[in-house]
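Overview (structure and organization)
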Amino acid sequence: MLLIAANLRAPVTVVGPVADDVAADLALTATQVSLLVSLPLLCFGVFAIVAPRLLTRWGIEATSVLALTALAAGILGRSVPWPGALWVGTVLVGAGVATLNVALPALVKRDFPHRVGQVTGAYSATQSAFAAVAAVVAVPLAGTQPQGWRVAFGAWVGLTLVALGVMTWRWRGARARARAVTAVVTRRGGHRSPWRSALGWQVAGYMGLQSTFFYAVVTWWPSVEAEAGFTPAAAGAHQGLLQVMGIAASLLAGRVIDRTRAHGQSGLVVLFSGMSAVAVVGELLAPGWWTLWIVLLGLGTAASFVTALSFSGLRTVSPAQAAALSGMAQALGYGLAALGPVLLGGLHDATSSWTVPLVVLLVLKVPEIVAGALAGRRRVIGGHPPRESLRDSS
């Protein structure tokens, strides 16, 4: 599971640091470079709708093998000097990652039903750690050669092949596990679609709104700090601290979430979303206290993301239903996330200031907290969760 998680962000985050090299080598326009960066995000939303059907039909292992194969082909494809390979490879990367994004919550629900938060936090932290490594080593791997970016892109296929080998090995015995899962689904009503459930829409709304906040912050926070007087180097260092705090928060939040299984996570939603809201207010009123705001921002956004991912396991009764809810939440989440940076950028251009965009971010925190608090109540799609002891929940 952690091997799969290590492949989910690195092939995407490696693009940004060498985007100028790609543009110079292939004579791409600024619009084409922007599309190259945003295309995987769009694929995440589109293929998240398809992935649950694949998981239901073929099972988690088989679908994961297919997705890892597509990811490996995409990483290699966009690294070879063939016309159009860059774009085809990027779509394959997006499709593979999107499918695995949906598969992992189903795998957690099946294999770790009493440790959903802890395991989700662990694989979320792994994603963040390898994403940071990919961003740091991209430029050194590319070197000074005009086509060095191909090496930076292609180097990550080794990690994907390792994960593919392990998951192919795990594929054995999947049919027996699938039969057991089907029996559980039938007994407990796990076939109810989250698209026809108010709880499903609450989870999806929370995922979408917290994702919108996160991607808007990641995209524009350095510019916000530049307006406050920080140098580009300082703003970049602050982003590094943001990532470090995010890794720590993912691990911590996962453990805390599991300890609240018996009572729900509504209070955690308010706490985690409140942290990042306080960070925005602090940046508006006292930007000189940047360390505190970055720490709160990193803790709040990462913990909110882990909570949103955990809801796919906590609010469902079967792996199949968890996959369906994960697909729904991520389709809506990444769709809204793609609009967040554009919205804030447009507001900044219209007002020539970051004050109004930050206030809008704060306003969006209200429906985010409402949706998350409703999704955090101790219940599942199709009814109420079975009774469990506090010992089991911890």
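Residues numbered from 1 in each chain as written. Predicted model: local features only at pLDDT ≥ 70, side-chain atom pairs only at ≥ 80, totals over all residues. Heavy atoms only, no water.

Moving on, we get to the overall build of the protein chain. Scanning the protein chain from terminus to terminus reveals 17 helices and zero strands. For the protein chain, the C-alpha radius of gyration of 21 Å lies close to 21 Å, the compact-globule estimate for 394 residues. The proportion of buried residues among the 394 residues of the protein chain is 51%. Pairs at least 24 residues apart make up 83% of the contacts formed inside the protein chain by residues separated by at least 6 positions. Carbon and sulfur atoms make up 69% of the accessible area of the protein chain, which amounts to about 16,700 Å² in all. Across the protein chain, the centroid of the 27 positively charged side chains sits 20 Å from that of the 13 negatively charged ones. (Helix = DSSP H or I, 4+ residues; strand = E, 2+ residues; numbered from the N terminus. Rg over C-alpha atoms; globule rule 2.2 N^0.38 Å. Buried < 20%, exposed > 50% of the residue type's maximum accessible area, 1.4 Å probe, protein only. Contact = heavy atoms within 4.5 Å. Areas by Shrake-Rupley, 256 points an atom, 1.4 Å probe, with all protein chains shown as cover. Lys, Arg positive; Asp, Glu negative; His and termini not counted. Charge placed at Lys NZ, Arg CZ, Asp CG, Glu CD.)

To continue, consider helix H5 (residues 60-77). A rise of 1.5 Å per residue sets the reference length of H5, with its 18 residues, at 26 Å; its end C-alpha atoms lie 25 Å apart and thus fit the reference within 8%. Within H5, 13 of the 18 residues are buried, which leaves the element mostly enclosed by the surrounding structure. (Expected span 1.5 Å × (residues − 1).)

The next subject is the packing of helix H11 (residues 198-227) against helix H15 (residues 319-351). The N-to-C vectors of H11 and H15 enclose an angle of 30 degrees; their axes lie 7 Å apart at closest approach. Taken together, the axes of H11 and H15 are roughly parallel relative to one another. Considering how the two elements wind past one another, H11 and H15 form a crossing that is right-handed. Residue composition of the contact of H11 with H15, grouped by class: 17 nonpolar, 11 polar and one charged. (Axes fitted to C-alpha atoms, helices over the stretch in contact; angles between N-to-C directions. Parallel < 35°, antiparallel > 145°, perpendicular 65-115°, else oblique. Left-handed = near helix turned anticlockwise from the far one by under 90°. Nonpolar A, V, L, I, M, F, W, Y, C, P; charged D, E, K, R; others polar.)

So, on to the packing of aromatic side chains. Remark: the centre distance and the inter-plane angle together describe each pair of aromatic rings, the angle taken between the planes. Here the structure, examined in full by the defined rule, presents eight aromatic pairs. With 5.7 Å between their ring centres and 80 degrees between their planes, Trp195 and Trp201 make a pair best called edge-to-face. For Trp201, a relative accessible area of 44% gives the class partly exposed. With a centroid separation of 5.9 Å and 50 degrees between ring planes, the pair formed by Tyr206 and Phe311 is classed as tilted. One end of the pair, Tyr206, is in helix H11; the other, Phe311, is in helix H14 (residues 290-314), and 105 residues separate them in sequence. Since its relative accessible area comes to 0%, Phe311 is described here as buried. Among the aromatic residues, those joined into a ring-pair cluster are Phe44, Phe214, Tyr215 and Tyr334. (Phe/Tyr/Trp six-rings, centres within 6.5 Å; stacked < 30°, edge-to-face > 60°.)

Before going further, it helps to examine unusual backbone geometry. Although it is not a glycine, Ala27 sits at a positive phi angle of roughly 55 degrees. Relative to the helices and strands, Ala27 resides in the loop between helix H3 (19-26) and helix H4 (30-58). Non-glycine residue Ser352 carries a positive phi angle of around 55 degrees. Relative to the elements of secondary structure, Ser352 occurs in the loop between H15 and helix H16 (355-375). By relative accessible area, Ser352 is classed as exposed at 60%.

Turning our eyes to something else, we now look at the nonpolar core. With 78 residues, the main nonpolar core has Val14 and Phe153 as its most contacted residues. When residues in this core are grouped by element, the largest group, 11 residues, is from helix H6 (residues 85-111). The residues contacting Phe153, other than those within four sequence positions of it, are Val14, Val15, Val18, Val22, Ile75, Arg78, Ser79 and Leu86. Ranked by size, the runner-up nonpolar core spans 16 residues in total, among them Ala216, Val280, Leu296 and Leu344. (Core = buried A, V, L, I, M, F, W, Y, C linked by side-chain atoms within 4.5 Å.)

What follows deals with helix H9 (residues 157-170). Taking 1.5 Å as the rise per residue, H9 with 14 residues should run 20 Å; its terminal C-alpha atoms sit 20 Å apart, in good agreement. Considered for burial, the residues of H9 that qualify are Val157, Leu159, Thr160, Ala163, Leu164 and Met167. Projected onto a plane normal to the axis of H9, the buried residues spread over an arc of 150 degrees and lie on a single side. For H9, the secondary structure elements touched by its buried residues are helix H1 (2-6), H5, helix H7 (116-142) and helix H8 (149-154). (Arc of directions from axis to C-beta.)

To continue, consider the environment of Phe272. Summarising the element assignment, Phe272 is placed in helix H13 (residues 266-285). Discounting chain neighbours no more than four positions away, the residues touching Phe272 are Ala253, Gly300, Ala303, Ser304 and Thr307.

According to the stated counting rule, one finds six salt bridges in the structure shown. One salt bridge connects Arg110 with Glu61, and the closest N-O pair in it is separated by 2.8 Å. Separated by 49 residues along the polypeptide, Arg110 in helix H6 and Glu61 in helix H5 bring together distant segments of the chain. Residue classification places Arg110 among the buried positions, given a relative accessible area of 17%. By relative accessible area, Glu61 is classed as buried at 2%. Taking the shortest distance from any N to any O, the salt bridge between Asp111 and Arg110 comes out at 2.7 Å. (Salt bridge = Lys/Arg side-chain N within 4 Å of Asp/Glu carboxyl O.)

Attention now goes to the confidence of the model for the protein chain. Predicted confidence across the protein chain gives a mean pLDDT of 85, with 91% of residues reaching 70 or more. A low-confidence stretch, residues 389-394 stays under pLDDT 50, and its non-local contacts, those more than four residues away or across chains, total 11 contacts. (pLDDT = per-residue confidence, 0-100.)

What follows is about the packing of H5 against H9. Where H5 contacts H9, the axes come no closer than 9 Å and their chain directions differ by 160 degrees. One element, H5, and the other, H9, form an angle in the roughly antiparallel class. The handedness of the crossing between H5 and H9 is left-handed. Counting all contacts with H5, which are made through Glu61, Ser64, Val65, Leu68, Thr69, Leu71, Ala72, Ile75 and Leu76, the residues of H9 involved are Val157, Thr160, Leu161, Ala163, Leu164, Met167, Thr168 and Arg170.

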